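Chain by chain, the residues run as shown.
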Amino acid sequence: MKPCQLTVPGHVRAGENVIEQLSGIIEAERASKVIVFTDEGVLSTGICNGVFEQIKKANAEYCVIGDLRPEPSTQDVIRTMEQMNRAEGELVVAVGGGSVMDMAKLCAAMKGASYDIYDLLENNSLMEKGLPAVMIPTTCGTGSEATFNAIVAVPEKSVKTGIVNKNMLADYVLLDGNMIAKLPPKIIASSGVDALAHVIECFTSNKANVFSDLYAAAGAKLIFENLVRAYSDANDLQAKSNMLLAAFYGGVAIAASGTTAVHALAYPLGGKYHIAHGVSNAILLAPVMRANLEACEDRLALLEDGINPAGYGRAQSEKAKGMIERIASIVSDTGIPSSLCEFGIGLEDLDFLVDAAADCKRLLDNNRRVLTKNDIRAIYQEVIKGGI
Ligand SMILES: NC(=O)c1ccc[n+]([C@@H]2O[C@H](COP(=O)([O-])OP(=O)(O)OC[C@H]3O[C@@H](n4cnc5c(N)ncnc54)[C@H](O)[C@@H]3O)[C@@H](O)[C@H]2O)c1
Ligand SMILES: [Zn+2]
């Protein structure tokens, strides 16, 4: 067996109403002041009220950094760090999607630090352990609650990039289905397919191993069984809780393995054209897996066996193609755009896209098929015209 490592947050609690365990965590951490990270979209749903009640129940005070923007940039980090350094508190609680959790993880680790986000971009290893942090995800996609990555947009370079450091691993995670009960179907769809991309990429990655396989295969099964239900029935709390679990599994799989070419090609779409992370990945997932078919046939077939045991006797190539069709169907069944045309991206954007994706070596190196610039160009051409 090849050497591998499983790194998961220390305390993970899942199930409806686990949010009610937050007061016990605050007491255990002996925190008298809590810094809550969230954004306006989350605040407007009222789901933070339960968090505030828990803080009061623990006899702690709190302040809220609540104006965070989606898909944070380096400038956003600098602005939020000014608020963070003024805030008093011994514990960070993040209530939100990947954008909020990434910012909270960065700020918890960087509070009072002498370096800034640009120094970190140059050298990720500068980061030290900062304040303890609790992650409460309110979307069902990024798995940021389980990873030690934070993704930031770098506007000067029109790219998004990952800061990777184990000091950002959350201390506590609360996966409570009630937190995504009012999540708009469009965001359930895009964040859910982001989670699907995480598990498919990790399972087919050069870095795949026994730990990432376990979480990725279980996550894929949960997503194929629950995403369309969670998207189409606002009251299906069981499906939503399962999606929250699947997204967490995806995050654990990323921490143990790594995403591949889907995310590498998606980053320039977020960095320059501001397409939401989940949507970029959804548009690219089936086309990239089609390009990877030969190199990943055995892995895609194995995943298909887990989802569709009745088809076990089919040839490996049939099963792998079946898995790709299954991916394409879930993207179209959840109403996600399938073409970059819809975002005003045309063939004139190809040179930038190809160069920016080819620069994302950290992820392309994980892809089983070596993708040349011509291969990358062919994939973008396909999704500009209308992929899936
Ligand atoms: N760190 C990691 O491991 C990792 C992995 C994948 C993606 N990411 C990053 O995560 C970010 C995307 O995160 P996301 O997809 O979760 O979306 P998001 O956090 O950007 O949120 C999208 C929108 O949904 C709203 N929202 C969130 N929860 C809601 C709720 N329960 N009800 C109503 N509205 C709600 C927010 O207000 C926001 O407007 C990107 O920046 C991406 O690069 C990080
Ligand atoms: Zn992702």
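Residues numbered from 1 in each chain as written. Chains lettered and ligands numbered in written order. Predicted model: local features only at pLDDT ≥ 70, side-chain atom pairs only at ≥ 80, totals over all residues. Heavy atoms only, no water.

1. Points about the overall build of the protein
Per the secondary structure count, the protein includes 16 helices and eight strands. Taking 21 Å as the expected radius of gyration for a compact globule of 388 residues, we find that the protein reaches 20 Å, a close match to that expectation. Viewed in the frame of its principal axes, the protein has a C-alpha envelope of about 60 × 45 × 45 Å. Considering only intrachain contacts with a sequence separation of at least 6, the fraction spanning at least 24 residues in the protein is 78%. Of the roughly 15300 Å² that the protein leaves accessible, carbon and sulfur atoms contribute 50%. (Helix = DSSP H or I, 4+ residues; strand = E, 2+ residues; numbered from the N terminus. Rg over C-alpha atoms; globule rule 2.2 N^0.38 Å. Contact = heavy atoms within 4.5 Å. Areas by Shrake-Rupley, 256 points an atom, 1.4 Å probe, with all protein chains shown as cover.)

2. Focus on the sheet that holds strand β3 (residues 61-65)
If you walk across this open sheet you meet the six strands as β1-β8-β5-β4-β2-β3, and the pairing is parallel. With one partner strand each, in any of the chains shown, β1 (11-14) and β3 form the two edges of the open sheet. Going across the sheet, the axis of each strand differs from the next one's by a mean of 15°, ignoring polarity. As paired elements, strand β4 (residues 91-96) and strand β5 (residues 133-137) share five bridges and run parallel to each other. The residue of β5 that forms the bridge with A94 is M135. Contacts from helix α5 (residues 98-110) reach β2 (33-37), β4 and β5 within the one sheet, and its direction differs from that of β4 by about 165°. (Pairing = 2+ DSSP bridges. Axes fitted to C-alpha atoms, helices over the stretch in contact; angles between N-to-C directions.)

3. Overview of the UniProt feature "domain: Fe-containing alcohol dehydrogenase-like C-terminal" (unreviewed entry) in the protein
Residues annotated in UniProt with the feature "domain: Fe-containing alcohol dehydrogenase-like C-terminal" (unreviewed entry) correspond here to residues 189-382. Across residues 189-382 one finds 74% helix and 0% strand; the C-alpha atoms that close the span lie 22 Å apart. (UniProt positions renumbered as here; feature names shortened; annotations may be inferred.)

4. Things to note about the packing of helix α8 (residues 210-232) against helix α13 (residues 316-333)
Contact geometry of α8 with α13 gives a least axis separation of 10 Å together with a crossing angle of 15°. By the criterion of interaxial angle, the relationship of α8 to α13 is roughly parallel. Here α8 and α13 pass one another in a crossing that is left-handed. Along the contact surface, α8 presents I223, F224, L227, V228 and Y231, while α13 presents M323, R326, I327, I330 and D333. Residues belonging to the contact of α8 with α13 are distributed by class as follows: eight nonpolar, no polar and two charged. (Parallel < 35°, antiparallel > 145°, perpendicular 65-115°, else oblique. Left-handed = near helix turned anticlockwise from the far one by under 90°. Nonpolar A, V, L, I, M, F, W, Y, C, P; charged D, E, K, R; others polar.)

5. Describing the packing of aromatic side chains
In this structure the tally under the stated criterion is three aromatic pairs. Where F52 meets Y62, the ring centres are 4.7 Å apart and the plane angle is 5°; that geometry is what we call stacked. Separated by ten residues along the polypeptide, F52 in helix α3 (residues 48-57) and Y62 in strand β3 bring together distant segments of the chain. Look at F52 and you get buried, because its relative accessible area is 12%. (Phe/Tyr/Trp six-rings, centres within 6.5 Å; stacked < 30°, edge-to-face > 60°. Buried < 20%, exposed > 50% of the residue type's maximum accessible area, 1.4 Å probe, protein only.)

6. Overview of the environment of L265
Residue position: L265 is located in helix α10 (residues 261-273). The class of L265 is buried, set by a relative accessible area of 0%. Taking the C-alpha atoms as reference points, L265 and Y380, separated by 115 residues in sequence, lie 8.2 Å from one another. Residues contacting L265, with those up to four places away along its chain left out, are L284, V288, A357, L364, I376, I379 and Y380.

7. Considering the pattern of salt bridges
Enumeration according to the criterion identifies 17 salt bridges in this entry. When the shortest N-O distance is used, the salt bridge between D67 and R79 registers 3.4 Å. Note that D67 is positioned in the loop between β3 and α4 (74-86) and R79 in helix α4, a separation of twelve residues in sequence. Taking relative accessible area as the criterion, R79 reaches 32% and is therefore assigned partly exposed. Residues K221 and E225 are paired through a salt bridge, measuring 2.8 Å at the closest nitrogen-oxygen approach. In this pair, K221 and E225 are both assigned in helix α8, four residues apart and thus about one turn of the helix distant. Through salt bridges with shared partners, a single ionic network connects D67, R69, D76 and R79. (Salt bridge = Lys/Arg side-chain N within 4 Å of Asp/Glu carboxyl O.)

8. Quick word on the domain arrangement of the protein
Partitioning the protein into domains gives domain 1 (11-180) and domain 2 (185-385). Between the C-alpha centres of domain 1 and domain 2 there is a distance of 26 Å. Both sides together, the interface formed by domain 1 and domain 2 hides about 2200 Å², and carbon and sulfur atoms give 68% of it. Interface area lost by domain 1 to domain 2 is led by C140, K160 and I180, which between them contribute 25%. Scanning the region where domain 1 abuts domain 2 turns up zero salt bridges. Taken together, the links from domain 1 to domain 2 amount to five residue pairs in polar contact (both at pLDDT 80 or more). Elements with a minimum of two residues in the side of domain 1 that touches domain 2: β1, β6 (149-154), β7 (159-164) and β8 (172-175). With four residues, β7 is the largest single contributor of residues to the side of domain 1 that touches domain 2. Its residues assigned to classes, the side of domain 1 that touches domain 2 shows twelve nonpolar, ten polar and five charged. (Domains from an automatic or database assignment. Buried area = accessible area lost by both parts, 1.4 Å probe. Polar contact = N/O pair within 3.5 Å; in protein donor to acceptor, adjacent residues only side chain to side chain.)

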